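A structural walkthrough
One-letter residues, chain by chain:
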Amino acid sequence: MDEQEKKEETVYATPMKRLWAWVGVVYMIILVLLTTAAMARGDYLRGIASLMVIPALCGLGGSAILRWREGKGRGGLPACILVAGGCFLVALLNLIRGLPILAGQL
């Protein structure tokens, strides 16, 4: 009975794993919406590659911040700001570029 009463300790995912799991969830939602739009319209949306890289860029920027907070990031705070800021800036520029293309097709 002692063996049955002993339960394995719960091991939670690290913040980095959770971040990339959420990026995966976002991509799954995007793929479902793209597939639904293709079925409804009879044609695929074109020219939306700039929108498709936004979740990965945000995940990369978030990874830089998490690595710095854990003390694993090389280069310290300036490198974290440079990498994360660059990723978020490119994601914002891709959003600005991609939304009119998407709106024009819907």
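Residue numbers run consecutively from 1 along every chain, following the written order of its sequence. The predicted nature of this model means local features are confined to residues of pLDDT at least 70 and side-chain atom pairs, given and counted, to a pLDDT of 80 or more, with totals for whole chains, interfaces and linings taken over all residues. Side-chain metrics in this entry use all non-hydrogen atoms of the structure; hydrogen atoms and water are not considered.

**Looking at the overall build of the chain**
- Working definition: helices are DSSP H or I runs of at least four residues, strands are E runs of at least two. Numbering for both runs from the N terminus. In terms of regular secondary structure, the chain is built from five helices and zero strands.
- Helices (α) and strands (β) of the chain occur, in sequence order from the N terminus, as α-α-α-α-α.
- C-alpha atoms of the chain, sized along the principal axes, occupy 65 × 45 × 10 Å.
- In this scheme, a residue with accessible area under 20% of its type's maximum is buried, one over 50% is exposed, and one in between is partly exposed, where area comes from a 1.4 Å probe on protein chains only. Residues classed as buried in the chain amount to 23% of the 106 residues present.
- Considering only residue pairs separated by 6 or more positions, the chain has 74% of its internal contacts joining residues 24 or more positions apart.
- Put simply, the chain shows about 8200 Å² of open surface, and 67% of that area lies on carbon and sulfur atoms.
- Note on charges: Lys and Arg go in the positive column, Asp and Glu in the negative column, and His and the chain ends are not counted at all. In this description, the location of a charge corresponds to atom NZ of lysine, CZ of arginine, CG of aspartate or CD of glutamate. Side chains of the chain carry 11 positive and 7 negative charges; the gap between the two charge centres is 19 Å. Contacts: residue pairs with any heavy atoms within 4.5 Å of one another. We get accessible surface area from the Shrake-Rupley algorithm with a probe of 1.4 Å; when it comes to residues, only the shown protein chains can shield them.

**Considerations on helix α2 (residues 15–41)**
- Given the number of residues in a helix, its expected span is that number minus one, multiplied by 1.5 Å. An ideal rise of 1.5 Å per residue puts 39 Å on 27 residues; α2 measures up with 39 Å between its terminal C-alpha atoms.
- Looking at the packing, one finds that the buried side of α2 touches α3 (49–52) and α4 (54–70).
- Two residues or fewer past α2, G42 is found with a positive phi of approximately 85°.

**Some remarks on the pattern of salt bridges**
- What makes a salt bridge here is a side-chain nitrogen of Lys or Arg within 4 Å of a carboxyl oxygen of Asp or Glu, nothing more. Evaluation of the coordinates by the stated rule reveals two salt bridges.
- For the salt bridge of D43 with R46, the shortest nitrogen-to-oxygen distance reads 3.1 Å.
- On the basis of relative accessibility, which here comes to 34%, the residue D43 falls in the partly exposed class.
- E70 serves as the salt-bridge partner of K72, at 3.7 Å between the closest nitrogen and oxygen.

**Notes on a nonpolar patch on the surface**
- Only residues whose relative accessible area exceeds 30% and that form no salt bridge enter a patch; like-charged residues are grouped when within 9 Å of one another, and nonpolar side chains (Val, Leu, Ile, Met, Phe, Trp, Tyr) when within 5 Å. Taken together, the side chains of L89, L92, L93, L95, I96 and L99 make up a nonpolar region of the molecular surface, amounting to roughly 550 Å² of accessible area.
- Residue position: I96 is located in helix α5 (residues 76–105).
- Take I96: its relative accessible area is 55%, and that puts it in the exposed class.

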